[in-house]
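Secondary and tertiary structure notes
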There are 2 protein chains.
Amino acid sequence: MPQDPPEQADNTIAMLGRAYSLLGFQIVDGVVGAGYPQKPSHSAVFSQIRREGSRLTALARGANMSPQAMGELVDELEELGYVERKPDPTDRRAKLIALTPLGEQCIAAGIATIQGIERRLDEILGVRGHASLRRLLARLLAAG
Amino acid sequence: MPQDPPEQADNTIAMLGRAYSLLGFQIVDGVVGAGYPQKPSHSAVFSQIRREGSRLTALARGANMSPQAMGELVDELEELGYVERKPDPTDRRAKLIALTPLGEQCIAAGIATIQGIERRLDEILGVRGHASLRRLLARLLAAG
DNA sequence: CCTGATTATCAGGCATACTTTAATACCTTC
DNA sequence: GAAGGTATTAAAGTATGCCTGATAATCAGG
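In this report, the structure presented in the accompanying data block is examined. Because the structure is a prediction, the values reported are computed rather than measured.

1. Considering the overall build of chain A
Each helix and strand counted, chain A has five helices and three strands in total. Taken from N to C terminus, the helices and strands of chain A fall in the order α-α-β-α-α-β-β-α. Taken over the C-alpha atoms alone, chain A extends approximately 55 × 30 × 25 Å along its principal axes. For chain A, the proportion of its 144 residues judged to be buried stands at 44%. For chain A, long-range pairs separated by at least 24 residues make up 47% of all intrachain contacts whose partners lie at least 6 apart in sequence. Carbon and sulfur atoms provide 52% of the accessible area of chain A, an area that totals close to 7,300 Å². Of note, chain A has its 17 positive side-chain charges centred 7 Å away from the centre of its 17 negative side-chain charges.

Written out as structure tokens, the structure reads:
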């Protein structure tokens, strides 16, 4: 993730960065504040783990990192009680990493936090303004 | 800087993050590609250094970090030839950190890169769309 | 002119988020 | 059933971006 650009305080990119930083921290604070401690990097797991359980290598590929690095994230989440490792019935080398009930509550808290922030965006920008922001961002991302 | 939020791929915050990541890397790539190597953290210096030169402590306070940490950034920029330390004529304890001609060229390259990206945003979003995006972001940031 | 604050810097440490190397267990295929 | 590939894990290393503590020079006030 890059930093603020050199020079010129009010370019669009710097504003995007500040907005993201502002809201992103609110998510982490919200979820942690709701009683679900975690690190930002854990989202790499939460965002792609499947209900039936996911293999470590699959998670690593999906997050574009080494299986070893993903293994450490899973270790931490297991320690926190959010996921558990179960043997994969179809391959005895592999393990399935699956959410515990606490992990599901954590995800629910994350979704609730995000929805709360989005409602605040509706207030700040107006429902139409917020929709407009999303449309513009979508177009920007589509254009790559 | 936080990461992607847990869960839900298409919330506004995640879109902001992806947009920032996309464009932010383009800035670094652009400036480095123009022949001015640097690290993202160096922007903490470039963005606030004054033409007459700035004291280390002033830069550190402005970037909200310790003077030691700022000293290291200045070391690196001095090594790269972008800044130089000169004695402060008004205080023999202090040094003034000032841009070299190369440093000014680097800043110019940064500004040019940013302007190029902003022109691309004009193309992608339309001039009015881009202005609208900036207006929405400004309102978001003002509401804190 | 002594005292205490300020300026810069040296030295060492720490957290985050990865990496590579290597080992072990297991699968698949010839 | 041996060879080679895949899944996980342990161990150690790297890069970034900061920090605290201590030191030396200098300044400013009583």
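2. Remarks on the protein's contact with DNA strand C
Not every one of the 18 residues close to DNA strand C is listed here, only the nearest: Ser66(A), Gln68(A), Thr57(B), Arg93(B) and Lys95(B). Atoms of DNA strand C within 4 Å of the protein: sugar and phosphate make up 67%, bases the balance. A distance of 3.4 Å separates a phosphate oxygen of DNA strand C from a polar backbone atom of Leu56(B). Gln68(B) has a polar side-chain atom sitting 3.4 Å from a base oxygen of DNA strand C. Counting only elements with at least two residues in the surface near DNA strand C, the list comes to α4 (67-79) of chain A together with α3 (56-63) of chain B. In terms of residues, the surface near DNA strand C owes the most to one element, α4(A), which gives three residues.

Thresholds applied
- Residues numbered from 1 in each chain as written.
- Chains lettered and ligands numbered in written order.
- Predicted model: local features only at pLDDT ≥ 70, side-chain atom pairs only at ≥ 80, totals over all residues.
- Heavy atoms only, no water.
- Helix = DSSP H or I, 4+ residues; strand = E, 2+ residues; numbered from the N terminus.
- Buried < 20%, exposed > 50% of the residue type's maximum accessible area, 1.4 Å probe, protein only.
- Contact = heavy atoms within 4.5 Å.
- Areas by Shrake-Rupley, 256 points an atom, 1.4 Å probe, with all protein chains shown as cover.
- Lys, Arg positive; Asp, Glu negative; His and termini not counted.
- Charge placed at Lys NZ, Arg CZ, Asp CG, Glu CD.
- Near = heavy atom within 4 Å.
- Polar contact = N/O pair within 3.5 Å; in protein donor to acceptor, adjacent residues only side chain to side chain.

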